[in-house]
Amino acid sequence: LELGNYIAAPTAGRMLADFGAEVIKVERPVTGDELRNWRLYSGDTSMLFRTINRNKKSIVLDLRSPEGRQAVLGLVEHCDVVLENFRPGTLEKWGLGPEELNAANPDVVLVRISAFGQTGPLADRPGFAAVAEAMGGLRELVGEPDREPVRVGVSIGDSIAGLYGAFSAMMAL
C-alpha cells in the first residue's frame, strides 16, 4: 500500500510493482498526487507520473477523514508493506501511525522515507531530493569547479531513497 506522493515512496512502489507486487497507490481527492502535473507539457498527466506509477493500481482516499482512515486500515489488513514519505508525525496525526497499522496487521512492514528521519534534531524539517543532495555534498561534486553546484538532472536523492526503501521492504519481508 503506497501512501506517498511525489518521487521517493512512489519509486519504492514502482520497484516492487515492476517485480510483480500488487501495489495500491492512494491519492488525495481532487488533485491526486502532485506529480500528475509536474512538468506537464501536454495532456492531463505528466510522463514522470506515468513512469513512476506504472504497474500500480490507484485509488482516491482522503486520509484526513474517518472514512479514509478506515479504508486504509482495512487495506492494511491484507498488505505486506506500507510505503510513506510524509513529514514525520503526519500519519500519526491522521490516526494511521505504526500503532494503528500494527493493530490492523501485526506483520505489516512500514517503510518511512523522510528527509531527516523520524526522530532527531532535524526530523521536523521538510525536504526533498534537492535538500538531501545539498546537505549530503552530492551537489558540490557536480558541475564546474568555478561555478555554483548544480543538480544531476534527475531527483537522484529521491530516486536513491526509493531504491533503499524497496530494498529495505524486501529485507524486512
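To start, this report covers the structure provided alongside it. Bear in mind that the values here come from a model prediction, so they are computed numbers and not experimental data.

The rules behind these values
Residues numbered from 1 in each chain as written. Predicted model: local features only at pLDDT ≥ 70, side-chain atom pairs only at ≥ 80, totals over all residues. Heavy atoms only, no water. Buried < 20%, exposed > 50% of the residue type's maximum accessible area, 1.4 Å probe, protein only. Helix = DSSP H or I, 4+ residues; strand = E, 2+ residues; numbered from the N terminus. Pairing = 2+ DSSP bridges. Right-handed = clockwise from strand over helix to strand, strands pointing away. Salt bridge = Lys/Arg side-chain N within 4 Å of Asp/Glu carboxyl O.

## Describing helix α1 (residues 8–18)
Of all 11 residues that make up α1, nine are buried, and the element is covered over most of its length. By the burial criterion, the buried members of α1 are Ala8, Ala9, Pro10, Thr11, Ala12, Gly13, Arg14, Leu16 and Ala17. A positive phi of about 105° marks Gly20, the residue just after α1.

## Digging into the pairing of strand β2 (residues 56–60)
Bridge count between strand β1 (residues 23–27) and β2: five bridges; the pairing is parallel. Looking at β2, one finds that Lys25 is bridged to Ser58. Traced from β1 through helix α2 (residues 47–52) to β2, the parallel crossover comes out right-handed.

## Let's talk about the pattern of salt bridges
Here the structure, examined in full by the defined rule, presents 11 salt bridges. Put simply, Arg36 and Glu27 hold a salt bridge, and the shortest N to O gap is 2.8 Å. Overall, the relative accessible area of 24% leaves Arg36 in the partly exposed class. Of the residues examined, Glu27 reaches a relative accessible area of 4% and is grouped as buried. Among the salt bridges present, the one from Glu92 reaches Arg112, with a minimum N-O distance of 2.9 Å.

## Notes on unusual backbone geometry
Among all residues except glycine, the phi angle is most often negative; among peptide bonds, the trans geometry is most common. Positive phi is not limited to glycine here, since Val30 has a value of about 70°. When you line up the elements, Val30 lands in the loop between β1 and α2. For Asn55, which is not glycine, the phi torsion reads 65° and is therefore positive. Accessibility expressed as a relative area gives 51% for Asn55, which makes it exposed.

Nothing here speaks to function; it is geometry throughout.
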